[in-house]
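# Fold and geometry: a report
Residue strings, one per chain:
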Amino acid sequence: MTNTKQILQSFLQSDYQNTDSVIEAILHYVFGNEKISPASKSMEVPALDKDKIKNITVFACHKDKNFPLNFVDVCIKDNVVLNHNRVTVQHCVKASVMEKGTSAIIFFHYENAKDKEWRISFVDKGFDKAEDTNPKRYTYICGKNSHCRTAAERFAVLKESLAKGGALNELIKDAFSVETITKEFYQKLF
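The paragraphs below set out a description of the structure included in this document. Note that this is a predicted model, so its numbers are computed, not measured. (Residues numbered from 1 in each chain as written. Predicted model: local features only at pLDDT ≥ 70, side-chain atom pairs only at ≥ 80, totals over all residues. Heavy atoms only, no water.)

## Quick word on the nonpolar core
Counting 36 residues, the largest nonpolar core has Phe-31 and Ile-105 as the members making the most contacts within it. Look past the residues within four positions of Ile-105 in its chain and what remains in contact with it is Phe-31, Leu-69, Asn-70, Phe-71, Val-72, Ile-120, Ser-121, Phe-122, Phe-155, Ile-172 and Phe-176. If you look at the next biggest cluster of nonpolar residues, it comprises 15 residues, including Met-43, Val-45, Val-72 and Val-123. (Core = buried A, V, L, I, M, F, W, Y, C linked by side-chain atoms within 4.5 Å. Buried < 20%, exposed > 50% of the residue type's maximum accessible area, 1.4 Å probe, protein only. Contact = heavy atoms within 4.5 Å.)

If you want it as structure tokens, here you go:
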């Protein structure tokens, strides 16, 4: 897992390039080539966020009929401070990216991404009312000024778990769950 973690960490610590690089460096690497279907579906930017978001595109999906998982590219405008705009994430998810009972891994980045941070968020919009109105979000900040250890480790855990088999919905939620990360931290500590 160490080599996998290092490969992922190296990519996550670089500038955001484009969706093709994400497909190759993360999606194919973690999920496998045969499980990822490229897509190109532009979504409407919510009216509340037009001053913050340039465009939203679903660029790939995971072929799992039991757990709809989309991969979404969100290009934000340069006037936005990425790590202070959680409300933008929430609006984006509620208004345009997801339907009830779906999940997404969303890549937020600036149009001119050179030397700027970018964000990966896993969002699960479950079937019950609480999850539908307030979807669970797990977010990692990436880029040259971020260590990206946790994000790389979580993707490496997901890759390893998927190789062993199991239900994608449980594996991905476990890989990104803050509770899992906290449990592992305390197990290592003690």
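Here the narrative resumes.
## Structural notes on the packing of helix H2 (residues 19-31) against helix H5 (residues 149-164)
Viewed as axis vectors pointing N to C, H2 and H5 meet at an angle of 35°, and their least axial separation amounts to 8 Å. When H2 is examined against H5, the residues Ile-26, Tyr-29, Val-30 and Phe-31 are found in contact with a partner set consisting of Phe-155, Leu-158, Lys-159 and Leu-162. Of the residues contributing to the contact of H2 with H5, the split by class is seven nonpolar, no polar and one charged. (Axes fitted to C-alpha atoms, helices over the stretch in contact; angles between N-to-C directions. Helix = DSSP H or I, 4+ residues; strand = E, 2+ residues; numbered from the N terminus. Nonpolar A, V, L, I, M, F, W, Y, C, P; charged D, E, K, R; others polar.)

## Examining the layout of surface pockets
Its boundaries defined by the atoms lining it, the largest pocket holds a volume of some 210 Å³. Together, 16 residues line the largest pocket, and Phe-31, Lys-35, His-62, Leu-162 and Ala-163 are the ones closest to its centre. When contributions to the lining of the largest pocket are tallied by element, the ones reaching two or more residues are H2, H5 and helix H6 (168-176). Ranked by the residues each element gives to the lining of the largest pocket, the list is headed by H2, at four residues. Looking at the lining of the largest pocket residue by residue, the class counts come to eight nonpolar, five polar and three charged. (1 Å grid on protein atoms, 1.4 Å probe; cavity = no way out; pocket = protein on both sides within 12 Å on 5 of 7 lines; lining within 4 Å. Points joined across faces, edges and corners; volume = space filled by probe spheres on them.)

## Some details on H2
The terminal C-alpha atoms of H2, which comprises 13 residues, lie only 15 Å apart, well short of the 18 Å expected from a rise of 1.5 Å per residue. All of the buried residues along H2 are Ser-21, Val-22, Ile-23, Ile-26, Leu-27, Val-30 and Phe-31. Backbone nitrogen of Asp-20 and a side-chain oxygen of the N-cap are separated by 3.1 Å at the start of H2; the cap is Asn-18. Trailing H2 by a residue or two, Gly-32 shows a phi angle of about 100°, which is positive. (Expected span 1.5 Å × (residues − 1). Polar contact = N/O pair within 3.5 Å; in protein donor to acceptor, adjacent residues only side chain to side chain.)

## Quick look at the environment of Phe-107
Relative to the elements of secondary structure, Phe-107 occurs in strand E4 (residues 102-110). The exposure class of Phe-107 is buried, given its relative accessible area of 0%. Linking Phe-107 and Val-72, residues 35 residues apart in sequence, is a C-alpha distance of 6.1 Å. Setting aside anything within four residues of it in sequence, one finds Phe-107 in contact with Tyr-16, Val-22, Ile-26, Phe-59, Phe-71, Val-72, Asp-73, Val-74, Trp-118, Arg-119 and Ile-120.

## Side note on the pattern of salt bridges
Counted under the stated rule, the structure contains seven salt bridges. Put simply, Asp-15 and Lys-144 hold a salt bridge, and the shortest N to O gap is 3.5 Å. On the criterion of sequence distance, the pair formed by Asp-15 in the loop between helix H1 (2-12) and H2 and Lys-144 in the loop between strand E6 (136-142) and H5 is long-range, its members being 129 residues apart. For Asp-15, a relative accessible area of 15% translates into the label buried. Its relative accessible area of 47% is what places Lys-144 among the partly exposed residues. Overlapping salt bridges bring together Lys-5, Glu-153 and Arg-154 as one network. (Salt bridge = Lys/Arg side-chain N within 4 Å of Asp/Glu carboxyl O.)

## Some points on the packing of aromatic side chains
The final tally for this structure, using the stated rule, is eight aromatic pairs. Both rings, one in Tyr-16 and one in Trp-118, keep their centres 5.3 Å apart while their planes meet at 70°; by these two values the pair is edge-to-face. Of the two residues, Tyr-16 sits in the loop between H1 and H2 while Trp-118 sits in strand E5 (residues 118-125), which places them 102 residues apart along the sequence. The exposure class assigned to Trp-118 is buried, which follows from its relative accessible area of 0%. Note on Phe-155 and Phe-176: the rings are 5.3 Å apart at their centroids and 85° apart in plane angle, and the pair reads as edge-to-face. In this pair, Phe-155 sits in helix H5 while Phe-176 sits in helix H6, placing the two residues 21 residues apart along the sequence. Each member of the pair, Phe-155 as well as Phe-176, carries the same accessibility label: buried. An aromatic cluster is defined as three or more aromatic residues linked by ring pairs; in this entry it consists of Phe-122, Tyr-138, Tyr-140, Phe-155 and Phe-176. In this structure, Lys-116 packs its charged tip against the face of Tyr-110, placed 4.9 Å from the ring centre. One residue, Lys-159, lies across the ring of Tyr-29, its end atom 4.4 Å from the ring centre. (Phe/Tyr/Trp six-rings, centres within 6.5 Å; stacked < 30°, edge-to-face > 60°. Lys NZ or Arg CZ within 6 Å of the ring centre and 35° of its normal.)

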